[in-house]
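# Fold and contact review
Residue strings, one per chain:
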Amino acid sequence: MSEEGRDFGNEEENEPDIWDEHCWEEFFRESDKRTDKYILLLEQYMDHPDRDRIIAEQMGWTHLPDDDEDEIEDWADEFIIEEYEEGEAWKRLTGYEPTDFDQFEDLPLYQKAHDFAVDAKKMLNKDFADRNDESIQTFSRFVTIPPAKIAGGFSFGFDRDSIGGNIANCKRGLNAANKVLDALYEIGEKELLDRELYLDYYSRAKEVRDELAIYIVELRERFRRGIS
């Protein structure tokens, strides 16, 4: 669905459109395209003396990034968005409300995903610092994404007009969690890890993936019921 097919700024009867997860996903995809374009331009004009002005013109910006330091931060936030496809659908619900927590660090799901990512990175640095294996590289690349996306989604909040962005972020985290599991399975098949350690990490990764999937179902239900 293109931007021509949906008027993101449309208002009807003085009521703004409520973006669902799919609208937010489309927004993220468009942001990703702008990110890719910016990176290509930056690489192309890296050593050009008028680099910033050329990039600004080709990006369609009306002024240079250094005109406003606050906008530099806004653009930087946009440029780090990564695209991940939707993960599997799941049917169960969690036993708590996400709005029971004032900050994402207190959310049990985030804590579990964060702790797993930290432990995984320590393990990789200890046991695989010099190993050039695709499954190890994939595991390392994606293992930190679920907690980041959970935290990013939490920042959107749980009101009906913004929870779609929360869901879209978490779906990206879910896709990354699935990639982590796939990579771990390959690691186990190749016997790159001690069997007991492998089973422990696979179990923890699956728990994070399953609970994140359940969390998404709960957020969708909140959106459907119109809970704020």
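Just so it is clear, the structure is predicted and the values come from calculations on it, not from any experiment.

## Examining the overall build of the protein
Across its full length, the protein holds 8 helices and 2 strands. Listed N to C, the secondary structure of the protein is β-β-α-α-α-α-α-α-α-α in terms of helices and strands. Taking all 228 residues of the protein together, the buried fraction comes to 40%. Counted over contacts in the protein with a minimum sequence separation of 6, partners at least 24 positions apart contribute 71%. When the accessible surface of the protein is totalled, it reaches about 13,500 Å², and 44% of it is carbon and sulfur.

## Structural notes on helix α7 (residues 163–189)
For α7, with 27 residues, the first-to-last C-alpha span of 39 Å sits near the 39 Å given by 1.5 Å per residue. For α7, the buried fraction is high: 22 of the 27 residues fall into the buried class.

## What about helix α2 (residues 51–59)?
Taken together, the buried positions of α2 are occupied by I54, I55, A56 and M59. Directly beyond the C-terminal end of α2, a positive phi value near 85 degrees is found at G60.

## Side note on the pattern of salt bridges
A side chain with one charge can pair with a side chain of the opposite charge if their charged atoms come near. With the rule as written, the count across this model stands at 13 salt bridges. Between K190 and D133 there is a salt bridge whose closest N-O contact spans 3.2 Å. Taken as a pair, K190 in the loop between α7 and α8 (195–225) and D133 in the loop between α4 (108–127) and α5 (134–142) lie far apart in primary sequence, 57 residues in all. Classification of D133 as buried rests on a relative accessible area of 14%. Because the salt bridges share partners, they merge into one network encompassing E21, E25, K171 and R220.

What counts and how
Within any chain, residue numbers begin from 1 and follow the written order of that chain's sequence. Totals for whole chains, interfaces and linings use all residues, but because this is a predicted model, local features are given only for residues with pLDDT of at least 70 and pairs of side-chain atoms are given and counted only at 80 or more. The side-chain values count all of the structure's non-hydrogen atoms but skip hydrogen atoms and water molecules. Helix numbers and strand numbers start at the N terminus; a helix is a DSSP run of H or I with at least 4 residues, a strand a run of E with at least 2. Only protein chains enter the accessibility calculation, which uses a 1.4 Å probe; a residue whose area is less than 20% of its type maximum is buried, one above 50% is exposed, and one in between is partly exposed. Contacts are residue-level and defined by heavy atoms, with any inter-residue pair within 4.5 Å sufficient. Under the convention used here, a 1.4 Å probe and the Shrake-Rupley method define accessible areas, while residue burial counts only the protein chains that appear. Helix span, as expected, comes to 1.5 Å for every residue beyond the first. The working definition used for a salt bridge is a side-chain nitrogen of Lys or Arg within 4 Å of a carboxyl oxygen of Asp or Glu.

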